[in-house]
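Structure at a glance
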Amino acid sequence: MILDDIKKVSNDMVKNFVEELGYDGEYYVTTSKCPMIFGNILVPGKFYTAGSKELQHFLSRINLDEKRKEYVNSEGLIVVNKIYKEKPADADLYTTFIHEQFHSNRMLLINKQYNENEDINSVFYSNGHFEQNSNSSHPYYADASQDILKGSIDDSKQLIDKYDEMSDEKKEDISFENEVVEGKMNEQFRIDEALVETMSIAAYMKFKQPNLSIMDIVKNINAKYDGEDIHAITNIIIRHNDLELFKWMLDPLSYQLDDINYDYFEHYITSEDMQDLKDLKDSDEIVFDDDSIDEEILNSRKHY
């Protein structure tokens, strides 16, 4: 299957889905200019953020001329597992492709919480609250829903000065021991992946069954999908009986009034959602095996 053909069909699916949520679907898909390739990766699909070390490492392993590598490094990259290259396009391929499109469309150029040293977290947890430990304004690309810690963060000059005087070795030790920050980032990742995957399946199903509402599709996913993470997040959506979480995924900064650290999800959920949130946080469904392609990733979509 040719990537351009896959993109054309998946764009139609995404456009239709975005318009059902009340946004300009045509504009949304025309802003998606991220390069795409088939590649040797260990998951169905992956989005590499522009300028990231992960992207640079991937580019060092493939045969592209330097000019092309420079362009890709500035734009980001969607990689679809090469196992799909010789297969007819099916639901699994399209949901994989759409999933990565949603990720790529949220890439932002920001200048907050930059990690100059990858071994040092940009935010620490101390005395019951989060503290920013660097005043760096270095611009970089990031996914605001996965790469930026959500919450109230003390970034006062007095605090920044305190950490400026601290050695890198000490800050590395704090980062290593700082389980609260790592736990919060892991929680954000799990919530985000569950929502993006649900949206990807819903976009595909809405295109195939246009007479169904998106909420009806969410209920169908809830009843048929095997993954604990998807079951938990669709429970929450059905309980609230709205699609605000999907809209937040498409346009996070608008929902956060341009406050990149605002935790919309924390303010959205209620006490009735706590068990589902726990199930989502404890789920192993989205933890990929680095040594082989996880069969469950493919099998979990078998109903579609």
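Residues numbered from 1 in each chain as written. Predicted model: local features only at pLDDT ≥ 70, side-chain atom pairs only at ≥ 80, totals over all residues. Heavy atoms only, no water.

This next bit is on the nonpolar core. Within the largest apolar cluster, 57 residues are counted, with the highest numbers of intra-cluster contacts made by Phe-17, Phe-102, Leu-195, Ile-237, Leu-245, Phe-246 and Phe-265. In terms of residue count, the dominant contributor to this core is helix α8 (residues 179-208) (10 residues). Setting aside residues no more than four positions away along its own chain, Phe-102 makes contact with Val-14, Phe-17, Tyr-28, Val-196, Met-199, Ser-200 and Leu-250. If you look at the next biggest cluster of nonpolar residues, it comprises 9 residues, including Val-43, Tyr-48, Phe-58 and Val-72. (Core = buried A, V, L, I, M, F, W, Y, C linked by side-chain atoms within 4.5 Å. Buried < 20%, exposed > 50% of the residue type's maximum accessible area, 1.4 Å probe, protein only. Helix = DSSP H or I, 4+ residues; strand = E, 2+ residues; numbered from the N terminus. Contact = heavy atoms within 4.5 Å.)

The final tally for this structure, using the stated rule, is 14 salt bridges. Where Glu-20 meets Lys-206, a salt bridge forms, and the shortest distance between an N and an O atom there is 3.8 Å. Within this pair, whereas Glu-20 is found in helix α1 (residues 3-20), its partner Lys-206 is found in helix α8, the two being separated by 186 residues in sequence. Close ionic contact of Arg-239 with Asp-273 constitutes a salt bridge, the shortest N to O distance being 2.6 Å. In this pair, Arg-239 is assigned in helix α10 (residues 228-240) and Asp-273 in the loop between α13 (264-268) and α14 (274-282), connecting sequence segments 34 residues apart. (Salt bridge = Lys/Arg side-chain N within 4 Å of Asp/Glu carboxyl O.)

Here we come to the packing of aromatic side chains. Under the criterion given, the structure shown has 12 aromatic pairs. An aromatic cluster is built from Trp-248, Tyr-255, Tyr-264, Phe-265 and Tyr-268, whose rings are joined through pairwise contacts. Stacked on the ring of Tyr-163, the Lys or Arg Lys-162 has its end atom at 4.6 Å from the ring centre. (Phe/Tyr/Trp six-rings, centres within 6.5 Å; stacked < 30°, edge-to-face > 60°. Lys NZ or Arg CZ within 6 Å of the ring centre and 35° of its normal.)

Right, let's get into a negative patch on the surface. Together, Asp-168, Glu-169, Asp-173, Glu-177 and Glu-179 make up a region of like negative charge exposed at the surface. No other element matches the 4 residues that helix α7 (residues 168-177) contributes to the negative patch. (Patch = residues over 30% accessible without salt bridge, like charges linked within 9 Å, V, L, I, M, F, W, Y side chains within 5 Å. Areas by Shrake-Rupley, 256 points an atom, 1.4 Å probe, with all protein chains shown as cover. Lys, Arg positive; Asp, Glu negative; His and termini not counted. Charge placed at Lys NZ, Arg CZ, Asp CG, Glu CD.)

What holds strands together in a sheet is hydrogen bonding between their backbones, with the strands either parallel or antiparallel. An order of β5-β6-β8 is seen for the 3 strands of this open sheet, with the pairing classed as mixed. The open sheet has two edge strands with one neighbour each: β5 (123-126) and β8 (153-154). As defined by bridge partners, β5 adjoins strand β6 (residues 129-132) across 4 bridges and the pair is classed as antiparallel. The residue bridging Ser-126 from the neighbouring strand is His-129, located in β6. Contacts between α8 and the sheet are confined to β5 and β6, with β5 contributing the most and set at about 120° to the helix. (Pairing = 2+ DSSP bridges. Axes fitted to C-alpha atoms, helices over the stretch in contact; angles between N-to-C directions.)

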